[in-house]
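Spelled out, the chains give:
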There are 2 protein chains.
Amino acid sequence: MSDTNERPGQLPIGVFDSGLGGLTGVHAIREALPNEDILYLGDTARVPYGTRSPQTVMRYARGCASALVRRGIKMLVVACNTVSAVAIETLQSELAVPVLGVIAPGARAACRSTRSNKIGVIGTTGMIASGAYAREVARVNSTAEVFGVAAPLFVPLVEEGWLEGEVPRLATHRYLTQLANHRIDTLVLGCTHYPMLRVVIEHVAHDVLGPDARVIDSAEATAHELRETIGTAVPRAEEIRQGRLHLMVTDLPQAFAGAAARFLGHAVDDVEVIDL
Amino acid sequence: MSDTNERPGQLPIGVFDSGLGGLTGVHAIREALPNEDILYLGDTARVPYGTRSPQTVMRYARGCASALVRRGIKMLVVACNTVSAVAIETLQSELAVPVLGVIAPGARAACRSTRSNKIGVIGTTGMIASGAYAREVARVNSTAEVFGVAAPLFVPLVEEGWLEGEVPRLATHRYLTQLANHRIDTLVLGCTHYPMLRVVIEHVAHDVLGPDARVIDSAEATAHELRETIGTAVPRAEEIRQGRLHLMVTDLPQAFAGAAARFLGHAVDDVEVIDL
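Residues numbered from 1 in each chain as written. Chains lettered and ligands numbered in written order. Predicted model: local features only at pLDDT ≥ 70, side-chain atom pairs only at ≥ 80, totals over all residues. Heavy atoms only, no water.

Trainee: Report on the overall build of chain A, specifying residues and quantitative values.
Mentor: Scanning chain A from terminus to terminus reveals 11 helices and 10 strands. Taken along the three principal axes of its C-alpha coordinates, chain A extends 60 × 40 × 40 Å. For chain A, buried positions account for 58% of its 276 residues. Per element, the accessible surface of chain A, about 11,700 Å² overall, is 49% carbon and sulfur. For chain A, the distance from the average position of its 25 positive side-chain charges to the average position of its 30 negative side-chain charges is 4 Å. (Helix = DSSP H or I, 4+ residues; strand = E, 2+ residues; numbered from the N terminus. Buried < 20%, exposed > 50% of the residue type's maximum accessible area, 1.4 Å probe, protein only. Areas by Shrake-Rupley, 256 points an atom, 1.4 Å probe, with all protein chains shown as cover. Lys, Arg positive; Asp, Glu negative; His and termini not counted. Charge placed at Lys NZ, Arg CZ, Asp CG, Glu CD.)

Trainee: Could you give me a rundown of the confidence of the model for chain A, with the residues and numbers involved?
Mentor: Detailed reading of the predicted model is not advised wherever pLDDT is low. All names here are of chain A. Scored by pLDDT, chain A has a mean of 93; 97% of the residues are at 70 or more. Taken together, the stretch residues 1-5 has pLDDT below 50 and engages in 5 contacts with residues farther than four places along the chain or on a different chain. Scoring the predicted complex yields pTM 0.82 and, for the interface, ipTM 0.72. (pLDDT = per-residue confidence, 0-100. Contact = heavy atoms within 4.5 Å.)

Trainee: Give a description of the pattern of salt bridges that names residues and reports values.
Mentor: By the definition in use, this model includes 28 salt bridges over all chains. Residue E89 of chain A is joined to R139 of chain A by a salt bridge in which the shortest nitrogen-to-oxygen separation is 3.1 Å. Of this pair, E89 of chain A sits in helix 3 (residues 81-94) while R139 of chain A sits in helix 6 (residues 132-140), and the two are 50 residues apart along the sequence. Residue E228 of chain B pairs with R227 of chain B through a salt bridge whose shortest N-O separation is 3.9 Å. Via salt bridges that share partners, D37, R241 and R244 of chain A belong to a single interconnected network. (Salt bridge = Lys/Arg side-chain N within 4 Å of Asp/Glu carboxyl O.)

Trainee: Please provide a residue-by-residue account of the packing of aromatic side chains, values included.
Mentor: Here the structure, examined in full by the defined rule, presents 10 aromatic pairs over all chains. For the ring pair Y40 of chain A and F256 of chain A, a centre distance of 6.3 Å and an interplane angle of 25° mean the geometry is stacked. With a gap of 216 residues between them, Y40 of chain A in strand 2 (residues 38-42) and F256 of chain A in helix 11 (residues 253-264) connect regions that are remote in the sequence. For F256 of chain A, a relative accessible area of 3% corresponds to the buried category. Note on Y49 of chain B and Y60 of chain B: the rings are 5.4 Å apart at their centroids and 50° apart in plane angle, and the pair reads as tilted. (Phe/Tyr/Trp six-rings, centres within 6.5 Å; stacked < 30°, edge-to-face > 60°.)

Trainee: Tell me about the nonpolar core, and name the residues and values.
Mentor: Membership of the largest hydrophobic core comes to 115 residues, with the highest contact counts inside it found for L23, I122 and F154 of chain A together with L23, I122 and F154 of chain B. Not counting residues within four places of it along the chain, the set of residues in contact with L23 of chain B comprises Y40, L247, F256, A260, F263 and L264 of chain B. (Core = buried A, V, L, I, M, F, W, Y, C linked by side-chain atoms within 4.5 Å.)

Trainee: Can you lay out the sheet that holds strand 9 (residues 245-249) of chain A for me, pointing to particular residues and giving the numbers?
Mentor: Residue and element names in this part refer to chain A. Strand order across the open sheet formed by 6 strands is 4-3-1-2-9-10, with parallel pairing between neighbours. Sheet topology places strand 4 (99-101) and strand 10 (271-273) at the edges, where each strand pairs with a single neighbour. The sheet shows a mean angle of 20° between the axes of neighbouring strands, direction not considered. Of the strand pairs in this sheet, strand 3 (residues 75-78) and strand 4 are connected by 3 bridges, and their pairing is parallel. Bridge pairing links V78 to G101 in strand 4. (Pairing = 2+ DSSP bridges. Axes fitted to C-alpha atoms, helices over the stretch in contact; angles between N-to-C directions.)

Trainee: Which residues make up the relation of the copies chain A and chain B, and what values go with them?
Mentor: Between the two copies of the chain lies a rotation about an axis combined with a shift along it. Of the transformation placing chain A onto chain B, the axial shift is 0.0 Å and the rotation is 180°, giving an RMSD of 0.0 Å. Each copy turns onto its partner about a two-fold axis. Comparing interface residues between copies, 100% of those in chain A also sit at the interface in chain B, which points to an isologous, same-surface contact. (Least-squares fit on C-alpha atoms with pLDDT ≥ 70 in both.)

Trainee: Account for the state of the cysteines, naming residues and giving values.
Mentor: Enumeration according to the criterion identifies 0 disulfides over all chains in this entry. With no disulfide of its own, C64 of chain B lies closest to C80 of chain B among cysteine sulfurs, the gap being 8.9 Å. (Disulfide = S-S within 2.5 Å.)

Trainee: Tell me about the interface of chain A and chain B, and please be specific about residues and values.
Mentor: If you look at the interface, chain A gives 24 residues, while chain B gives 24 residues. Summing the contributions of chain A and of chain B, the shared interface buries around 2,100 Å²; its carbon and sulfur component is 60%. At the junction of chain A with chain B, the criterion picks out 0 salt bridges. For the pair chain A and chain B, the number of links is 14 residue pairs in polar contact (both at pLDDT 80 or more). Taken together, the elements giving at least two residues each to the side of chain A that touches chain B come down to helix 2 (54-71), helix 7 (154-160) and helix 8 (166-180) of chain A. Residue contributions to the side of chain A that touches chain B peak at 6 residues, all from helix 8 of chain A. Residue composition of the side of chain A that touches chain B, grouped by class: 14 nonpolar, 4 polar and 6 charged. (Buried area = accessible area lost by both parts, 1.4 Å probe. Polar contact = N/O pair within 3.5 Å; in protein donor to acceptor, adjacent residues only side chain to side chain. Nonpolar A, V, L, I, M, F, W, Y, C, P; charged D, E, K, R; others polar.)

Trainee: With reference to specific residues and values, describe the side chain of H193 of chain A.
Mentor: Secondary-structure assignment places H193 of chain A in the loop between strand 7 (186-189) and helix 9 (198-209). Setting aside residues up to four positions removed in sequence, H193 of chain A forms contacts with L20, G21, V155, V158, E159 and F263 of chain A.

Trainee: Can you lay out the environment of P156 of chain A for me, pointing to particular residues and giving the numbers?
Mentor: Topologically, P156 of chain A is positioned in helix 7. For P156 of chain A, the contacting residues outside a window of four places in its chain are P152, L153 and P156 of chain B.

Trainee: Go over helix 9 (residues 198-209) of chain B, please, and point to the residues and values.
Mentor: Within an α-helix, residues lying three or four positions from one another point in the same direction, as the helix has 3.6 residues per turn. Residues and elements named next belong to chain B. Inspection of helix 9 places V200, I201, V204, A205, V208 and L209 among the buried residues, and these make up the whole buried set. All buried residues of helix 9 fall inside an arc of 130° around its axis, so they share one side. In helix 9, the exposed residues that point more than 90 degrees away from the buried face are V199, H203 and D207. Residues of helix 9 that are buried sit in contact with strand 5 (118-123), helix 7 (154-160), helix 8 (166-180), strand 7 (186-189) and strand 8 (214-217). (Arc of directions from axis to C-beta.)

Trainee: For the environment of A138 of chain A, give the residues involved together with the corresponding values.
Mentor: Residues and elements named next belong to chain A. Note that A138 resides in helix 6. Among the residues examined, A138 registers a relative accessible area of 44% and is labelled partly exposed. In sequence terms A138 and A45 are 93 residues apart; their C-alpha atoms lie 35 Å from each other.

Following this line, the structure appears as structure tokens:
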């Protein structure tokens, strides 16, 4: 792509999620690519997606993607695991910009990590039911086995800020015990909220899965792939200034700003509300 | 109302909720009024309402109410606490059938129960933020004080079926401890999911709030008021047969049928999907 008047390198990277969770992806992208502008959309009016049918998720995903494309983005990162599981190929075929989901990078990172060829995935009910990580892992390593467990308490635990103590520890213990019999050595956090519980999850994984078990954050894996590939499919931002972050939601901007500060690690002053 | 060709006594009672939880209300109504037909709508495509803005909840509530009225109902029970908190007066003024919410009956039952004039309410974040129970309590007893605590983990605990053991016990303990300082003697379950956790909640309330603390289920209080008043505002069903229950949802009928069986205590074979 040539550097025309539109200066596509100056366009932001679009990121969307069903709500707040995708901000762990934004955080990881900003660490990896500090010069890039990011335009974020959290569909807070219709969160959560993880309990919806694939048809409904597809319809919502198209709405979010179109809203970002209309604003002008150079590429789209689907930070939501549920959308990545259900809609990524459709979005890739329908949109004029490159589209990257979180599942393929998370699956590739898990394949690089595993020694036992047994990979565990925790996520929302819908994401686990989709079998999406197993499909992506099979593309890289046809001998690896993937075992999924739905962990629906984790999202409300994170949104409440209950990130340590007995309740998250016992809930994690209960979920990971279901994976221990399969002798997994790699655990993929298949939901964007879960990295907020990473300290508890790593402690319990050490106890339940063994001292060599590794935890893979799909959002982080996605940001690392993005750093490797940007400049090829789409132009990079110029390295002369800090990238800006613009946040949009479909409902409840104040509540979002408060919680977003915890996800991003800094205060958030300006959240735009849009209608889809 | 006279018994015309339309036989309004034979029309069902319409009940709606953001999803599954309203089935605790259906269960209570069927216990109280076994001859009445019930037409239930769970807005599973847009659940949960408890985290939405009042404007969004109002828009969703109008959609659900209209769908039921179009089918033909003799009255409407709003089983959802969030909708009852935000939209009940608007629905009462806009609809041609009588409308009963769960908050006023729950508040009246709490006022009959309390000796200390200090009432606790647990519910979703949106419901607690609305202050709706405090307003309804003030209409009955202007000297009673109401203290609210949001308990956002309870809905996913119920939907997971984690109804006993350490995780629900510790979560309940953490929520009720916040009410113990206020010396409440009556605790209102201000969310339709919470009666499923009633055994744990009553145990912890006994320990944390004292042996005389009483737990009020708003859905049950609503069903009792309905039994007292039906026949006045709307005609009763004839007492010659068991009432029928017809279930409608806006997404995921199979998942709903499975969980509904736990809420109702019997298998559910036929769930209709409608578009709003």
